Amino acid sequence: MNILCSEGFLHFFNAMQIETVSLDDILNLTPDALNNIADEFHLGKFEIKIEFSGPIRDLKDYNITRILYESNDGHEHFAHTRCIKNQEKGNIYYVVFPVKGYNYTVDDKTKLDFIIKYINLIITRSITNELLNRRQFTDYMTQLPNTAYFMKFSNDLGIRGILNKYTLIFSNLKGFNYINQQMGSQAGDSVLKEYSKKLKNFYSSDEIIARFGGDNFVALLKNERVEEYINYISNINISIVNDNKTKTLSISARSGIYPLPALSGNVGEAINRANASLIYAKKIADSDCEWFTDSILERINKDREVVSGFRTALIHKEFLVYYQPKVNVITKKIAGCEALVRWKHNGKILPPGMFVPILEEEGLICDLDFFVLEKVCEDIRNWLRNGITPPRISVNFSKHHLKNQDLINDVISILTKYRINPDYLEIELTESATSDDFKAMTQFVDDLNDHGIRTSIDDFGTGYSSLSLIKDLHVNVIKIDKSFVDNIATEDSKDKIILGSILTMITGLGMNVIAEGCETVEQARILKEMNCNMIQGYLFDKPLPQDEYTEKLASAYIYPIDI
Ligand code: C2E
Ligand code: CA
Ligand code: CA
């Protein structure tokens, strides 16, 4: 065995000892290393064949056949062959031919086996290392690159100074939540896996599409390929097995697109911008894809500010409740009012249009509604303590409350806390499109009725208003939307005719009516003529701060308007 300690072997051993990373590096240096022992081992030809089978695609990347050494003197045909099992479902074959004119003895073969095992050790170590690396950079479920690899890949492009040849596309799947809810999360996972395979087929080696968690996918593609990609993901058919049946689904994605500038080192910011464009496409533009613009960024940043500032604002009581009088046009006295929220933010008073829709979108609106309800109850208590009997106050309640199983108890506990007679309150709701919502709403209205709290339907005449639904909903008041009032004073107004018949039906059903958004005496006169005697609008007052409204209540104010 002394040959193993020969000078040639030591050279071979040292040459293979280099801390190599990739399999390629190892295969490239092995021929030189083998050269050191070629004479001692009578090498004619040294061949390696790596073979992996099975479902793991990553492993198949390693399947190669390579000649690591070949003598100029030719080789015999009877080889010494070793097959070593490696990893899962993998074999590495080593085939060693003796040089022409030589035959391996048993002793030779033992020594060769030692060399083979040594080379094998180094090769498997490198494959394992690479697999570990890949794992660190691969999304486990979809086998797509993950966020970490995306960052590394884009960084490398940045270092090479070619980022500006690329466009970043942030996408997510339309209706994915629906699939998860209707077919179960397992089906959702299958969709993501199959979908990812299709994405893998799309990008080339100098591009990348990574999974950023959930159904979010971020692509970095050559500029000229963006259109093709948007087209590709506008409809991808996939098949999954669900309930033992194969189902074909056609999946479409929504995207935000951001072409990288020439001098961008900051890929994180680019991802934010593409994501902002995606949010804009989804929530504001309702489109399939949006290219980034500065105004999108501004808009999205503002929205984020609202969301992130909301909790602190609630704690610091930055929300104010204003009161807009509802006027009885016969007596011209205040006959009720609507509580409308404002946000005192950085010294400015923000109208609800700037934050209510965002809070609705984020599901935060319910907390604000309860804050308003509580403030209203507190004010009622204070007015009563000061000898003022306030007319009924209506509070706006978002549709989001209808998901709350404990809604009625939550409302009642606030009234109880301030010892408020329910007769002082009214809850304003807007009509609902879905039948689920409608059921929950009917229940809530009935619960409120049972507790003596009145209800009204807001913005009647917009959206999904329907008289047939209204009669099944036992509300007390219908609020006619401003858009009707706007048009009634114009000549030959169609809205006036429609409004006329609506009013007849509503009063016929035993409900009360109020018109909102009345700005002129003429509008008020027409409404009065039509027997709509409760009016809310700038003609009388804008929403008033609490102290101004209190003054009007205390003085039993009568509006000096000739209607
Ligand atoms: P809304 O419930 O339909 O409230 C009526 C809106 O019309 C108020 O706007 C009011 O100031 C405005 N308005 C009343 N009369 C006139 C008029 O003669 N002319 C014009 N141009 N406008 C008039 P505001 O206060 O800006 O509120 C906007 C919307 O924000 C409300 O519409 C409501 O949907 C929402 N909102 C306000 N406060 C709350 C709240 O506490 N909770 C919830 N969920 N939504 C709220
Ligand atoms: Ca309202
Ligand atoms: Ca309204």
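Read on for a plain summary of the structure. The written sequence of each chain sets the order in which its residues are numbered from 1. All chains are assigned letters beginning with A, and all ligands numbers beginning with 1, in the order in which they are written. Predicted model: local features are reported for residues with pLDDT of at least 70 only, side-chain atom pairs are reported and counted for 80 or more only, and whole-chain, interface and lining totals are derived from all residues. Computation of side-chain values covers all heavy atoms of the structure but excludes hydrogens and water.

1. Observations concerning the coordination of the calcium ion (ligand 2)
Atoms are scored as donors when they are N, O or S and lie within 2.8 Å of the metal, with 3.2 Å used for Na, K and Ca; no water is included, so coordination may look incomplete. Here the calcium ion (ligand 2) is held by the protein donor atoms Glu338 (OE), Asn396 (OD1), Glu428 (OE) and Asp458 (OD), which lie 2.2 to 2.3 Å from it. Counting the intervening residues between successive donors of the calcium ion (ligand 2) yields the motif E-x57-N-x31-E-x29-D. Taken as an interatomic distance, the gap from the calcium ion (ligand 2) to the calcium ion (ligand 3) is 4.0 Å; Asp458 donates to each of them. Taken as a pair, Glu338 in strand E13 (residues 333–345) and Asp458 in strand E17 (residues 454–460) lie far apart in primary sequence, 120 residues in all. Assigned by exposure class, Glu338 and Asp458 land together as buried. A helix here means a DSSP run of H or I that spans at least four residues, while a strand means a run of E at least two residues long, and both kinds are numbered starting from the N terminus. Each residue's exposure class comes from its accessible area (1.4 Å probe, protein chains only) as a fraction of the maximum for that residue type: buried when under 20%, exposed when over 50%, partly exposed otherwise.

2. Digging into the site of ligand 1
The criterion for a residue being near a molecule or strand is simple. One of its heavy atoms has to lie within 4 Å of it. In the vicinity of ligand 1 lie 22 residues, with Arg342, Asp369, Asp458, Glu519 and Tyr538 positioned nearest. Think of a polar contact as two N or O atoms within 3.5 Å of one another; within protein, one of them needs to be a possible hydrogen donor and the other a possible acceptor, and neighboring residues in sequence only count if both atoms come from side chains. In this structure, an oxygen atom belonging to ligand 1 sits 3.1 Å away from a side-chain N or O atom of Glu338. Within the side chain of Glu519, a nitrogen or oxygen atom sits 2.6 Å from a nitrogen atom of ligand 1. Relative to its unbound accessible surface of 790 Å², ligand 1 loses 80% to contact with the protein. All accessibility values rest on the Shrake-Rupley procedure with a 1.4 Å probe; residue burial counts only the protein chains present in the view.

3. Thoughts on the side chain of Glu290
Inspection of the secondary structure puts Glu290 in strand E11 (residues 289–291). We treat Lys and Arg as the positive residues and Asp and Glu as the negative residues; His and chain ends play no part in the count. Salt bridge, as used here: a side-chain nitrogen of Lys or Arg that lies within 4 Å of a carboxyl oxygen of Asp or Glu. Here Glu290 is buried and forms no salt bridge, its nearest opposite-charge partner Arg254 lying at an N-O distance of 8.4 Å. In this structure the side chain of Glu290 is engaged in a polar contact, spanning 2.6 Å, whose partner is the side chain of Ser287. Setting aside residues no more than four positions away along its own chain, Glu290 makes contact with Ser255, Gly256, Ile257, Ser277, Tyr280, Ala281, Ala285 and Ile296. The criterion used for residue contact is that any of the two residues' heavy atoms lie within 4.5 Å.

4. Topic: the environment of Trp343
The residue Trp343 is located in strand E13 in this model. A C-alpha to C-alpha distance of 6.1 Å links Trp343 and Leu320, two positions 23 residues apart in sequence. Ignoring anything within four residues of it in the chain, the contact list for Trp343 reads Val306, Gly309, Phe310, Ala313, Glu318, Phe319, Lys348, Ile349, Leu350 and Phe355.

5. Some points on the pairing of strand E18 (residues 477–480)
Every second residue of E18 is oriented toward a common face, with Val477 and Lys479 on one face and Ile478 and Ile480 on the other, all of them buried. Here, any two strands with at least 2 DSSP bridges between them count as paired. Alignment of E17 against E18, held across three bridges, turns out to be parallel. Note on E18: the bridge partner recorded for Ser456 is Val477. Across four bridges, E18 lies against strand E19 (residues 512–516) in parallel orientation. From the neighbouring strand, Ile480 faces E19, where its bridge partner is Ala515.

6. A few points about the pattern of salt bridges
For the structure shown, the criterion picks out 29 salt bridges. Among the salt bridges present, the one from Glu47 reaches Lys45, with a minimum N-O distance of 3.4 Å. The same class applies to Glu47 as to Lys45, namely buried. For Lys197, the salt bridge identified is with Glu194, shortest N-O distance 3.2 Å. One end of the pair, Lys197, and the other, Glu194, are both in helix H7 (residues 185–202), three residues apart, so they sit about a helical turn from each other. Accessibility expressed as a relative area gives 25% for Glu194, which makes it partly exposed. Connected via shared salt-bridge partners are Lys326, Glu338, Glu426, Glu428, Arg454, Lys479 and Glu516.

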